[in-house]
Structure formats: C-alpha cells, structure tokens
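Structural characterization, general
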Amino acid sequence: MTERVTTKTQLKKAQENNVDTIIVAGKLAEKLYKAKKVSKIGKVALVGLAVSLALTPMTAGLSVAAATPIAAAAGLEVSTVIAVSAIGLTLVLAVCKNYSMRIVAKNGDKIIELELTKK
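Residues numbered from 1 in each chain as written. Predicted model: local features only at pLDDT ≥ 70, side-chain atom pairs only at ≥ 80, totals over all residues. Heavy atoms only, no water.

1. Section: the sheet that holds strand β4 (residues 110-118)
Hydrogen bonding along the main chain pairs the strands of a sheet, whether they run parallel or antiparallel. Quick note on the threshold: Any two strands with at least two DSSP-identified bridges between them are counted as paired. Secondary structure is summarised from DSSP: a helix means a run of H or I of at least four residues, a strand means a run of E of at least two, and numbering begins at the N terminus for each. An axis is simply a line fitted to the C-alpha atoms; with a helix, the fit covers only the stretch in contact. Between two such axes, the angle follows the N-to-C directions and lies from 0 to 180 degrees.
The strand order β1-β2-β4-β3 describes an open sheet built from four strands, whose pairing is mixed. Across the chains shown, the open sheet's two edge strands, defined by having one partner strand only, are β1 (2-5) and β3 (99-107). Pairwise comparison of adjacent strand axes, ignoring direction, gives a mean angle of 20 degrees for this sheet. The pairing of β3 with β4 spans eight bridges and is antiparallel.

2. Brief notes about the pattern of salt bridges
Pairs can form between side chains of opposite charge once their charged atoms are near each other. Quick reminder of the rule: Salt bridge, as used here: a side-chain nitrogen of Lys or Arg that lies within 4 Å of a carboxyl oxygen of Asp or Glu. Relative accessibility thresholds used throughout: buried, under 20% of the residue-type maximum; exposed, over 50%; partly exposed, between the two (1.4 Å probe, protein chains only).
What the rule picks out here adds up to two salt bridges. A salt bridge links Arg-4 to Glu-113; its shortest N-O distance comes to 2.7 Å. In this pair, Arg-4 is assigned in strand β1 and Glu-113 in strand β4, connecting sequence segments 109 residues apart. Judged by its relative accessible area of 53%, Arg-4 is exposed. The exposure class of Glu-113 is buried, given its relative accessible area of 18%. Here Arg-102 and Glu-115 are joined by a salt bridge, their closest N and O atoms 3.1 Å apart. With a gap of 13 residues between them, Arg-102 in strand β3 and Glu-115 in strand β4 connect regions that are remote in the sequence.

3. With respect to the packing of helix α1 (residues 8-16) against helix α6 (residues 89-98)
A pair of packed helices is captured by two measures, namely the crossing angle of their axes and the spacing between those axes. Selection criterion: Reported orientations rely on four angle classes, namely roughly parallel under 35 degrees, roughly antiparallel over 145, roughly perpendicular from 65 to 115, and oblique for the rest. For a crossing to be left-handed, the near helix must be turned anticlockwise from the far one by less than a right angle; the clockwise case is right-handed. Should any heavy atoms of two residues lie within 4.5 Å, those residues are counted as being in contact. When residues are grouped by polarity, Ala, Val, Leu, Ile, Met, Phe, Trp, Tyr, Cys and Pro land in nonpolar, Asp, Glu, Lys and Arg in charged, and all others, Gly among them, in polar.
Between α1 and α6, the least distance of the axes is 11 Å, while the angle of their chain directions is 45 degrees. As summarised for this structure, α1 and α6 are arranged oblique, according to the angle between their axes. The interaxial crossing formed by α1 with α6 has left-handed handedness. Across from Lys-8, Leu-11, Lys-12 and Gln-15 in α1, the residues of α6 making contact are Leu-91, Ala-94, Val-95 and Asn-98. Counted by class, the contact of α1 with α6 contains four nonpolar, two polar and two charged residues.

Spatial relationships are all this shows, so hold off on functional conclusions.
What follows is the structure, given as structure tokens:
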C-alpha cells in the first residue's frame, strides 16, 4: 500500500499504520530530508538535543538556541535542528529506523518529493 503525505500528522499516521511506501511531498519532504542527519549522531548528543527540543514549548523557543551548540558539536547544521524541531525528534527517528529514503523529485536544490520504503 502506498500513501501520499504532506503534513507531519499524515506522516505520523502513515508510519504508525506501517504503510509500505510513503510519498512525502512539499515542504515536509525538504524538512524530513534535512532532519534524517540526526539519526546518525551519537547517543549523548542525541539525548542533549532531545532535552533541548523537548523544552522548546516551555521556553518560548529559547531551548532551540541551546540545541544549536549541541548540534554543532555533533556535526549538524542549524537547519537540521530547525527541521527536527518542526517535525519532531521521535517521528524523525522512527521514520529513519523503519524506512529507506529516496529523493524522487527536486527543483534546483530543493527536494520536493521523497519516497519512503519500509525496510
């Protein structure tokens, strides 16, 4: 079964329903592709990043600023932290663990469509 998603909520539902192939389109595709880098960092950096991002709603976004040095130390770009905070760390890690990711369509440097295939 294949499902096309354009929102974080749709992606989460498709992942939870174990959809075999998920087509991610639009801005979500770009953010998810950037965010996948977080699945490759070490556990210590991942915990620090998770704590910083978890505090974001309670600190009016100030903890994202705290996440920046953690991300930099882990070799991540600020755009990756922003992408992860937009999608959610738990969802990014679940998708990266359970699905292979392939770029389907680009417009210049922008990724406009990804195909996620169940591993």
